[in-house]
Amino acid sequence: MSDKVCQNGNGTAAKPLTNGIANGVDEKNEEKIAGVFYNAKEASWYTYDVLQEIANHLLARTQLRPKIGIILGTGLGSLANQLTDADYIDYQTIPHFPVSTVEGHVGRLIFGYLKGVPVMCMQGRFHYYEGYPLAKCAMPVRVMKLVGCSHLIATNAAGGLHPDYKVGDIMLMKDHINIMGFAGNNPLQGPNDSRFGPRFPNMFNAYDFKLLKKAKEIGRDIGIENNLHEGVYICLGGPNFETVAELKMLRIWGVDAVGMSTVHEITTAVHCGMTCFAFSLITNLCIPSYDLEESPCHEDIVGIGKRQENTLTELVSRMAKHIHMELKK
Ligand SMILES: O=P(O)(O)O[C@@H]1C[C@H](O)[C@@H](CO)O1
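- Within an unreviewed UniProt entry, the label attached to the protein chain reads Purine nucleoside phosphorylase, and the organism entered is Culex quinquefasciatus.
- Note on the protein chain: under the UniProt heading Pathway (unreviewed entry), the record states "Purine metabolism; purine nucleoside salvage."
- Its UniProt record, at the heading Function (unreviewed entry), says of the protein chain: "The purine nucleoside phosphorylases catalyze the phosphorolytic breakdown of the N-glycosidic bond in the beta-(deoxy)ribonucleoside molecules, with the formation of the corresponding free purine bases and pentose-1-phosphate."

## Considering the site of the ligand
Then, in step 1: In the vicinity of the ligand lie 13 residues, with T74, H127, Y129, S261 and H298 positioned nearest.
Then, in step 2: One nitrogen or oxygen atom from the side chain of R125 is found 2.9 Å from an oxygen atom belonging to the ligand.
Then, in step 3: One of the side-chain N or O atoms of H127 is found 2.6 Å from an oxygen atom in the ligand.
Then, in step 4: In isolation the ligand offers 340 Å² of accessible surface; the protein chains occlude 96% of this area.
Then, in step 5: Of all the elements in the fold, those that place two or more residues in the shell around the ligand are β7 (151-160) and α8 (298-307).
Then, in step 6: Here the shell around the ligand is built from residues that sort into 5 nonpolar, 7 polar and 1 charged.

## Re the nonpolar core
Then, in step 1: Counting residues in hydrophobic clusters, the biggest one holds 52 residues, and the most contacted among them are I54, L58, L109, M120, L152 and I266.
Then, in step 2: Broken down by element, the residue count for this core peaks at 8 residues, all from helix α3 (residues 134-147).
Then, in step 3: Of all hydrophobic cores here, the second largest spans 31 residues; its members include L72, L211, F279 and A320.

## A short note on the UniProt feature "domain: Nucleoside phosphorylase" (unreviewed entry) in the protein chain
Then, in step 1: UniProt tags residues 67-319 as "domain: Nucleoside phosphorylase" (unreviewed entry).
Then, in step 2: Along residues 67-319, the helical share is 28% and the strand share 26%, with 13 Å between the first and last C-alpha atoms.

## Overview of the pattern of salt bridges
Then, in step 1: Under the definition given, this model contains 9 salt bridges.
Then, in step 2: Its salt-bridge partner being E314, residue K115 comes within 3.5 Å of it at the nearest N-O pair. Pair noted here: K115 is in the loop between β5 (108-114) and β6 (117-123) and E314 is in helix α9 (residues 309-328), with a separation of 199 residues, a long-range link.
Then, in step 3: Note on E314: relative accessible area 24%, which makes it partly exposed.
Then, in step 4: Of the charged contacts in the structure, one is a salt bridge between E217 and K214, with a shortest N-O distance of 3.1 Å. One end of the pair is E217 and the other is K214, both in helix α5 (residues 209-221) and 3 residues apart, which spans about a single turn.
Then, in step 5: Classification of E217 by relative accessible area gives partly exposed; the value is 33%.
Then, in step 6: Connected via shared salt-bridge partners are K115, E314 and R318.

Criteria and cut-off values
Residues numbered from 1 in each chain as written. Predicted model: local features only at pLDDT ≥ 70, side-chain atom pairs only at ≥ 80, totals over all residues. Heavy atoms only, no water. UniProt positions renumbered as here; feature names shortened; annotations may be inferred. Near = heavy atom within 4 Å. Polar contact = N/O pair within 3.5 Å; in protein donor to acceptor, adjacent residues only side chain to side chain. Areas by Shrake-Rupley, 256 points an atom, 1.4 Å probe, with all protein chains shown as cover. Helix = DSSP H or I, 4+ residues; strand = E, 2+ residues; numbered from the N terminus. Nonpolar A, V, L, I, M, F, W, Y, C, P; charged D, E, K, R; others polar. Core = buried A, V, L, I, M, F, W, Y, C linked by side-chain atoms within 4.5 Å. Buried < 20%, exposed > 50% of the residue type's maximum accessible area, 1.4 Å probe, protein only. Salt bridge = Lys/Arg side-chain N within 4 Å of Asp/Glu carboxyl O.

As structure tokens, then:
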């Protein structure tokens, strides 16, 4: 696909889909796609029993029993190529699973060893703008928990808003702003099942402080300390990129990187007691100016992820190794 496809901010067409889903919308549910009703209906479908059924299905398809779940963001999917002795499970073949509709998200679960550490890896995630409610986007996190994962490593591609950030840098997430939650759109909305977690979870320490410290140490060890930052991420609904006025507002709010995912996954993971580590790959700069010649482009964003594959693999695999060793203690 030509780089020119998305010049001036035009997006990529949705991937053609099977499974009764076209253009990112489940045709059977088309009449339901309208705000809160759609959200509540879709979210309430993923009961504890349904999620347990999914987890059991996966456990029957692999011998691995990983403690670490990894979500690979846009363009970061090639990290999964490093997994050895892997079992590949297409989303289409998992009962009750949605499909990935975004370019750069393959759409499969991989159980395998990352430099010797057993992991469960989502090669492709679900986004709100694909037409899935937040609870559905984050549902695989609960599946990870039921499969036996105690830790989540979430990654994403994001626009760098902090003036010091450069394309290709990594921002370790120290916190986030759940702006969609401000408006009452939260993956935990609806009846609370206490088998997952409490009605009112605390988000104070959502990003594990010790893992953050370890990641900085690893960053120094692998020589990327000058390209490594710690910052605040925000998830917007997308799929459009931000206006200049929006970027100016987000900067005032203390946002360092802008994306369209991860927050609802972390919220769900914290709710069910998982320990979280997350980072953003800065794939483009969010410069709040009207005088720019280029705007963010999805194809370029995917390309930056591929370009940084070695560094990202090194960071993620060393983090996984560290967590693995800690769990053994
Ligand atoms: O899945 P992530 O959050 O990495 O994907 C980002 C946000 C949009 O889905 C896409 C924009 O190019 O990349």
